[in-house]
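Structural overview
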Amino acid sequence: MPKSGSAENSINPPLWLLLELTYRCPLSCPYCANPVDLGDPADELSTEDWLKVLEQARAMGAVQLGLSGGEPLLRKDLEVIVAKARELGFYTNLITSGIGLTNKRLKALKDAGLDHIQVSFQSADPDTNDAIAGKRKAFETKQELARQVKAHGFPMVLNFVISKQNIENIDAIMQLSQSLEADYVELATAQYYGWALQNRDQLMPTLEQVRTAEAQVNAVRDSQNGVGPRFIFVTPDYYETRPKACMSGWGNIFLSVAPDGRAMPCHSAALLPLSFPNVRDSNLKSIWYESELFNKYRGFDWMPEPCRSCDEKEKDFGGCRCQALLLTGDAANADPVCDKSPHHHKIVSAAESAAACRNGETLARTVQNSQIIMQTRV
Amino acid sequence: MIQENQAYQVHKLFRLQYEPAQNAWVLLYPEGMIKLSESAGEILRLLDGERTVAQMIAELQARFPQADTLTEDVTEFLGEAHAKKWIC
């Protein structure tokens, strides 16, 4: 039990642990939420480091584990990490592009106790899919892999990041999901951070496109009679007037660890100009409860107006700190999605700019482009 | 409709687990968790695909003799759990 008077009394333990095992990836999707700075693969944590993180997080009460990246399958120790996580009692979610998930590896992951696999698709049309992914035959590989995932008895979530490039394809996407016997299907428009922000004009569908797609999803849901996949449709927050309750609040339930060991309250937070504690230097418990970083936007005391006196702050926590920084220049400001924010016009004009954009050429998420952007910034 | 002579089990999309940190039974599923009330946890942990609902109720009644007749509460909860696809 926590000692009385310690911070642990008023702070919830993390329930969700996301390990971004690597930023290496065989695909180059322009909607990727990874930071533009993809770092150096030589800085990735060792197997022992990751196992230590699992032990520490589980001891604190974390129970949902996401294994993502980049492409987590590029870590040869993925099976070792899964086995340890399962032994500790985590519910283990593998979030993958599917590229590299051979039958042999599927079996090894099943044996290690992996609970669930989420496979990303870029479209239901092979050519569009492979163009977005930047890899030939990616669609074919994914489709075959998805069948194998079900054959091995895994619950399967399919994830389609919805953009201008595929939104008018949404009926075919739902049909594909049904034929692959997905259990859940996420049809989520990109969140505009990292690479997706670089490509926002090219990616963000218009409000009209979003409404049409939403109606199509509702029509399919109505015809399902409880049979087939559960479709989850997520619209861009740029068309809202109240912000999302990002991560259910800073340092409230979610803890993410980047490939190089930086601990963050959200996997996009690397873009904030803050210094992040590293699991190589400190244990997770002190990082979660005591670090300056995790306490910085925790609770409500840090909020300026209009959040401070807002009666909805406990519902949305002032929205997303990254979005506040990217669009207003200060992470403590209200998320400009909120129409009480004096910066809300920036959200409106970004949506207008995207609607007017007819040039579909996107910047691919590649190591080369990462290096070019980072050099220009310095 | 829940049949008392039938045996149910937790649906394979879910994993039932006791969480000491939350002092509760939880249902875990892809990227989500449902925290169960004490009675819901006690009921679901008895579902093994072999015990019938009637047998289960008898066991619960023996463990909690001070409780009133449990049949209605248990079948009502199982009906909800079935509708939510937690059990099959």
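Residues numbered from 1 in each chain as written. Chains lettered and ligands numbered in written order. Predicted model: local features only at pLDDT ≥ 70, side-chain atom pairs only at ≥ 80, totals over all residues. Heavy atoms only, no water.

In the annotation of an unreviewed UniProt entry, chain B is listed under the name PqqA binding protein and assigned to Shewanella corallii. In UniProt, chain B has this text filed under Pathway (unreviewed entry): "Cofactor biosynthesis; pyrroloquinoline quinone biosynthesis." Listed in UniProt under the heading Subunit (unreviewed entry), the comment for chain B reads: "Monomer. Interacts with PqqE." (UniProt positions renumbered as here; feature names shortened; annotations may be inferred.)

In the nomenclature of an unreviewed UniProt entry, chain A corresponds to PqqA peptide cyclase from the organism Shewanella corallii. Recorded in UniProt under Sequence similarities (unreviewed entry), the annotation for chain A is "Belongs to the radical SAM superfamily. PqqE family." Quoted verbatim from the Catalytic activity (unreviewed entry) field of the UniProt record, the comment on chain A reads "[PQQ precursor protein] + S-adenosyl-L-methionine = E-Y cross-linked-[PQQ precursor protein] + 5'-deoxyadenosine + L-methionine + H(+)".

Notes on the interface of chain A and chain B
Listed per partner, the contact involves 21 residues of chain A and 14 residues of chain B. The junction of chain A with chain B conceals about 1,400 Å² of combined surface from both sides, 54% of it contributed by carbon and sulfur atoms. The largest contributions to the chain A side of the interface with chain B come from V63, Y91 and Y184 of chain A, which together make up 32% of the buried area. If you look at where chain A meets chain B, you find two salt bridges. At the junction of chain A and chain B, the tally comes to 10 residue pairs in polar contact (both at pLDDT 80 or more). (Contact = heavy atoms within 4.5 Å. Buried area = accessible area lost by both parts, 1.4 Å probe. Salt bridge = Lys/Arg side-chain N within 4 Å of Asp/Glu carboxyl O. Polar contact = N/O pair within 3.5 Å; in protein donor to acceptor, adjacent residues only side chain to side chain.)

Some words on the nonpolar core
Note that soluble globular proteins tend to have their nonpolar side chains buried in a common cluster. Within the largest apolar cluster, 111 residues are counted, with the highest numbers of intra-cluster contacts made by L17, L19 and L187 of chain A. Per-element accounting of this core gives the leading share, six residues, to helix α1 (residues 47–60) of chain A. Beyond its immediate stretch of four places on either side in the chain, L19 of chain A contacts W50, V53, L54, L65, G66, L67, S68 and V257 of chain A. In terms of nonpolar packing, the next biggest core, distinct from the first, is built from 28 residues, I34, I43, M56 and F77 of chain B among them. (Core = buried A, V, L, I, M, F, W, Y, C linked by side-chain atoms within 4.5 Å. Buried < 20%, exposed > 50% of the residue type's maximum accessible area, 1.4 Å probe, protein only. Helix = DSSP H or I, 4+ residues; strand = E, 2+ residues; numbered from the N terminus.)

Quick word on the pattern of salt bridges
It is possible for side chains bearing opposite charge to pair when their charged atoms get close. Residue and element names in this part refer to chain A. With the rule as written, the count across this model stands at 21 salt bridges over all chains. Between R75 and E44 there is a salt bridge; the shortest N-O distance is 3.2 Å. Highlighted residues: R75 in the loop between β2 (64–68) and α2 (78–88) and E44 in the loop between β1 (16–20) and α1, separated in sequence by 31 residues. Judged by relative accessible area, which is 13%, E44 ranks as buried. In this structure, the salt-bridge partner of D115 is R86, at a minimum N-O distance of 3.7 Å. Separated by 29 residues along the polypeptide, D115 in the loop between α3 (103–112) and β4 (116–121) and R86 in helix α2 bring together distant segments of the chain. Within the structure, one salt-bridge network assembled from shared partners comprises R242, E312, K315, D339 and K340.

Here we look at a negative patch on the surface
A cluster of acidic residues, D68, E72, D73, E76 and E80 of chain B, forms a negative patch on the protein surface. Looking at the element boundaries, E72 of chain B is found in helix α3 (residues 71–83). (Patch = residues over 30% accessible without salt bridge, like charges linked within 9 Å, V, L, I, M, F, W, Y side chains within 5 Å. Areas by Shrake-Rupley, 256 points an atom, 1.4 Å probe, with all protein chains shown as cover. Lys, Arg positive; Asp, Glu negative; His and termini not counted. Charge placed at Lys NZ, Arg CZ, Asp CG, Glu CD.)

Comments concerning the UniProt feature "domain: Radical SAM core" (unreviewed entry) in chain A
What UniProt calls "domain: Radical SAM core" (unreviewed entry) maps, in this numbering, to residues 11–230 of chain A. Secondary structure across residues 11–230 of chain A comprises 42% helix and 16% strand; the distance between its end C-alpha atoms is 33 Å.

Description of the confidence of the model for chain A
A residue-level look at chain A finds 97% of positions with pLDDT of 70 or above and a mean pLDDT of 94. Here residues 1–5 of chain A is modelled with pLDDT under 50, and outside its nearest four sequence neighbours on either side it reaches four contacts, counting other chains as well. (pLDDT = per-residue confidence, 0-100.)

What to know about the packing of α1 of chain A against α2 of chain A
In a packed pair of helices, the relevant descriptors are the angle between the two axes and the axis-to-axis distance. Residue and element names in this part refer to chain A. Their axes nearest at 10 Å, the elements α1 and α2 cross at an angle of 15 degrees. Between α1 and α2, the crossing angle belongs to the class labelled roughly parallel. Between α1 and α2 lies a crossing of right-handed hand. For the pair α1 and α2, the contacting residues are T47, W50, L51, L54, E55 and R58 in the first and V80, I81, K84, A85 and L88 in the second. For the contact of α1 with α2, the residue count by class is seven nonpolar, one polar and three charged. (Axes fitted to C-alpha atoms, helices over the stretch in contact; angles between N-to-C directions. Parallel < 35°, antiparallel > 145°, perpendicular 65-115°, else oblique. Left-handed = near helix turned anticlockwise from the far one by under 90°. Nonpolar A, V, L, I, M, F, W, Y, C, P; charged D, E, K, R; others polar.)

A word on the sheet that holds strand β3 (residues 24–29) of chain B
Sheet strands pair by backbone hydrogen bonding; their relative direction is either parallel or antiparallel. Residues and elements named next belong to chain B. As summarised here, the arrangement of the three strands in space is β2-β3-β4, forming an open sheet in which the pairing is antiparallel. Each of the sheet's edge strands pairs with one partner strand only, and the pair in question is β2 (15–19) and β4 (32–35). Averaged over all adjacent pairs, the angle separating strand axes in this sheet is 30 degrees, with direction ignored. Note that β2 and β3 share five bridges and pair antiparallel. Looking at β3, one finds that R15 is bridged to L28. (Pairing = 2+ DSSP bridges.)

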